[in-house]
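Analysis of the macromolecular model
What follows is each chain in one-letter form.
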Amino acid sequence: MNFFTLHPSSSILLYNPTMKLAIISGGSKGLGLALCQQYLANGYRVVELSRSAPHPFSVQCDFAQPQAALLPIQATFAELSRADYDEIVIINNAALLGPIGPSSRKAPADVIAHLNVNVTSAILFLGQAINAFQTHTCPKSIANISSGAAIKNIFGWSLYCASKAGLEHYIRTVAIEQAEQAQPFTAINIDPDIIDTDMQAGIRQASRDDFPALDRFIMRKDIGLLRPPAQVAAAIIRILNSPMSNGARYDITDFV
Ligand SMILES: NC(=O)c1ccc[n+]([C@@H]2O[C@H](COP(=O)([O-])OP(=O)(O)OC[C@H]3O[C@@H](n4cnc5c(N)ncnc54)[C@H](OP(=O)(O)O)[C@@H]3O)[C@@H](O)[C@H]2O)c1
């Protein structure tokens, strides 16, 4: 069953003297985990949402099932929004790359799961966050972890290119809405470059037939071009701590 479960040792509302809050989707591993670790080290109260929910600060949630995912998302935000904060950071990071392959060969169930994770649940997550924290008076930011695939077309990645492009456009629209608010969020897109995570490992498992650029991606790993998640997380936090332009797209390569 998929419903709101906090790790037994978790206490979202534990007293934290700095009262800065970071909520990150997909913080169980990869880039999301590195973001959680660095925000924790910086004294933030951190909450992450993922299926495996392995951390004391995790909330179990399956973005492939948007309707069910709403329950833990809403319960988490309802609880967290009761407190005041000095800063609130919301990071939409959870995403799938697959299914990889030509559009005509994608199984309908995989197409739906991809769009549910990367688009529908991401938009529900961000919309609920805005709703929960709109009247909080502290500095507030929303960062969408995007991809070069949002602006480049890659054979075999039609869903990923479409979902990343769609979310970027969603964020730009949120940004113009927020500009009209009395207590606005700053909403930005961030391109995190290429990172040494399970997502890249999954890409290297694709067939050449489905993904003609396979050898280039294997070579990138072999010659050490993938960035460590910690390096990318540090650059993202640097972006979020710098004066940001609402609605802008940032590239971490300018901040490493
Ligand atoms: N790696 C790269 O080179 C690269 C390049 C450009 C952009 N990005 C972007 O960077 C972000 C992080 O990617 P990553 O490389 O760190 O990926 P990753 O290692 O595969 O981690 C993905 C995260 O998303 C969560 N997630 C996946 N499916 C989910 C679901 N159904 N419900 C809830 N959570 C789910 C995973 O948690 P569970 O498995 O526990 O659910 C995990 O925490 C993504 O937005 C990705 O598109 C990555």
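Residues numbered from 1 in each chain as written. Predicted model: local features only at pLDDT ≥ 70, side-chain atom pairs only at ≥ 80, totals over all residues. Heavy atoms only, no water.

1. Some details on unusual backbone geometry
To be explicit about the condition: By definition, any uninterrupted DSSP run of H or I lasting at least four residues is a helix, any uninterrupted run of E lasting at least two residues is a strand, and each is numbered from the N terminus. Three exposure classes are used, based on accessible area relative to the maximum for each residue type with a 1.4 Å probe and protein chains only: buried under 20%, partly exposed in between, and exposed over 50%.
Put simply, G98 and P99 share a cis peptide bond, and its omega is 5 degrees. Tracing the backbone shows P99 in the loop between β4 (87-92) and α3 (108-133). The backbone of A53 shows a phi angle near 40 degrees, a positive value even though the residue is not glycine. Relative to the helices and strands, A53 is located in the loop between β2 (45-50) and β3 (58-60). Non-glycine residue D193 carries a positive phi angle of around 65 degrees. You can see D193 is positioned in the loop between β6 (186-191) and α5 (198-204). Its relative accessible area of 32% is what places D193 among the partly exposed residues.

2. Quick look at the site of the ligand
How we decide: One heavy atom suffices: a residue is near a molecule or strand as soon as one of its heavy atoms comes within 4 Å of it. The definition of a polar contact used here is a pair of N or O atoms within 3.5 Å, where within protein one atom must be able to donate a hydrogen and the other to accept one, and adjacent residues in sequence count solely through side-chain atom pairs.
Among the 31 residues in the neighbourhood of the ligand, the closest are listed as S28, S52, N93, Y160 and T197. Within the side chain of Y160, an N or O atom sits 2.5 Å from an oxygen atom of the ligand. For the ligand, an oxygen atom lies 2.4 Å from a polar atom in the side chain of T197. Within the residue set of the shell around the ligand, elements represented by two or more residues are α1 (30-41), α4 (158-178) and α5.

3. What to know about the packing of α1 against helix α7 (residues 229-241)
Which entries qualify depends on this criterion: Think of each axis as a best-fit line through the C-alpha atoms, taken over the contacting stretch in the case of a helix, with angles from 0 to 180 degrees between the N-to-C directions. Orientation labels follow simple angle bins: below 35 degrees gives roughly parallel, above 145 gives roughly antiparallel, 65 to 115 gives roughly perpendicular, and whatever is left gives oblique. Each helix crossing is assigned a hand: it is left-handed if the near helix lies turned anticlockwise from the far helix by less than a right angle, otherwise right-handed if that turn is clockwise. Contact between two residues is taken to exist if any of their heavy atoms lie within 4.5 Å; hydrogens are not considered. Residue type decides the class: Asp, Glu, Lys and Arg count as charged, Ala, Val, Leu, Ile, Met, Phe, Trp, Tyr, Cys and Pro as nonpolar, and the leftover types, Gly among them, as polar.
It is the contact of α1 with α7, at a shortest axis distance of 8 Å, that shows an interaxial angle of 60 degrees. Judged by the angle between their axes, α1 and α7 are oblique. Two packed elements cross with a definite hand, and for α1 against α7 that hand is right-handed. Residue-level inspection shows G30, L31, A34, L35, Q38 and Y39 of α1 in contact with α7, the latter providing P229, A230, V232, A233, A234, I236, I237 and L240. Considering only residue class, the contact of α1 with α7 consists of twelve nonpolar, two polar and no charged.

4. Points about α7
As a reminder, the rule being used: By this rule, a helix spans an expected 1.5 Å times one less than how many residues it contains.
When the terminal C-alpha atoms of α7 are compared, their 18 Å separation across 13 residues agrees well with the 18 Å that a helix rising 1.5 Å per residue should span. Among the residues of α7, those classed as buried are V232, A233, A235, I236, I237, I239 and L240.

5. Overview of the state of the cysteines
Each disulfide consists of one covalent bond between the sulfur atoms belonging to two cysteines. The test is simple: What counts as a disulfide here is a pair of cysteine sulfur atoms lying within 2.5 Å.
Evaluation of the coordinates by the stated rule reveals zero disulfides. Just so you know, C36 is unpaired, no disulfide at all, and the nearest cysteine sulfur is the one on C61, 14 Å from it.

6. Observations regarding the nonpolar core
Cut-off, in case you're wondering: Take the buried residues of types Ala, Val, Leu, Ile, Met, Phe, Trp, Tyr and Cys, join any two whose side-chain atoms come within 4.5 Å, and each joined set is a nonpolar core.
Judged by nonpolar contacts, the single largest core of 34 residues is most densely connected at I23, Y85, I90, F125 and F133. Leaving out residues up to four positions away in the same chain, I23 has contacts with V47, L49, F77, L80, V89, I90, I91, F125 and F133. Counting residues in each nonpolar core, the second largest holds 27 residues, with L31, L35, I91 and I237 among its members.

7. Comments concerning the side chain of K140
The test is simple: Lys and Arg are tallied as positive, Asp and Glu as negative. Neither His nor the chain termini are counted. Each reported salt bridge corresponds to a side-chain nitrogen of Lys or Arg within 4 Å of a carboxyl oxygen of Asp or Glu.
Mapping K140 onto the fold places it in strand β5 (residues 140-145). Of the side chains with opposite charge, D84 comes closest to the buried, unpaired K140, at an N-O distance of 10 Å. Within the structure, the side chain of K140 is placed 2.8 Å from the backbone oxygen of H136, a separation counted as a polar contact. Setting aside residues up to four positions removed in sequence, K140 forms contacts with I88, F133, Q134, T135, Q183, P184, F185 and T186.

8. A closer look at the packing of aromatic side chains
Rule in force here: Two rings belonging to Phe, Tyr or Trp (six-membered ring only in the last case) form a pair when the distance between their centres is within 6.5 Å. Interplanar angles under 30 degrees mark stacking, angles over 60 mark edge-to-face geometry, and anything in between is tilted. Charge-over-ring placement is defined geometrically: NZ (Lys) or CZ (Arg) within 6 Å of the ring centre, and within 35 degrees of the ring normal.
This structure, assessed with the given rule, holds ten aromatic pairs. With a centroid separation of 6.0 Å and an interplanar angle of 50 degrees, the aromatic rings of F63 and F125 are classed as tilted. Of the two residues, F63 sits in the loop between β3 and α2 (66-80) while F125 sits in helix α3, which places them 62 residues apart along the sequence. Of the two residues, F63 and F125, neither departs from the other in class, the shared state being buried. Summarising the aromatic geometry, the rings of F77 and F125 are spaced 5.8 Å apart at their centres and angled 40 degrees between planes, so their arrangement reads as tilted. You can see F77 sitting in helix α2 and its partner F125 sitting in helix α3, a full 48 residues away along the chain. Residue classification places F77 among the buried positions, given a relative accessible area of 2%. Three or more aromatic residues link up through ring pairs in this structure, and these residues are F63, F77, Y85, F125 and F133. Taking NZ or CZ as reference, K140 lies 5.0 Å from the ring centre of F185, over its face. The cationic tip of R220 hangs over the ring face of F217; the distance from NZ or CZ to the ring centre is 4.5 Å.

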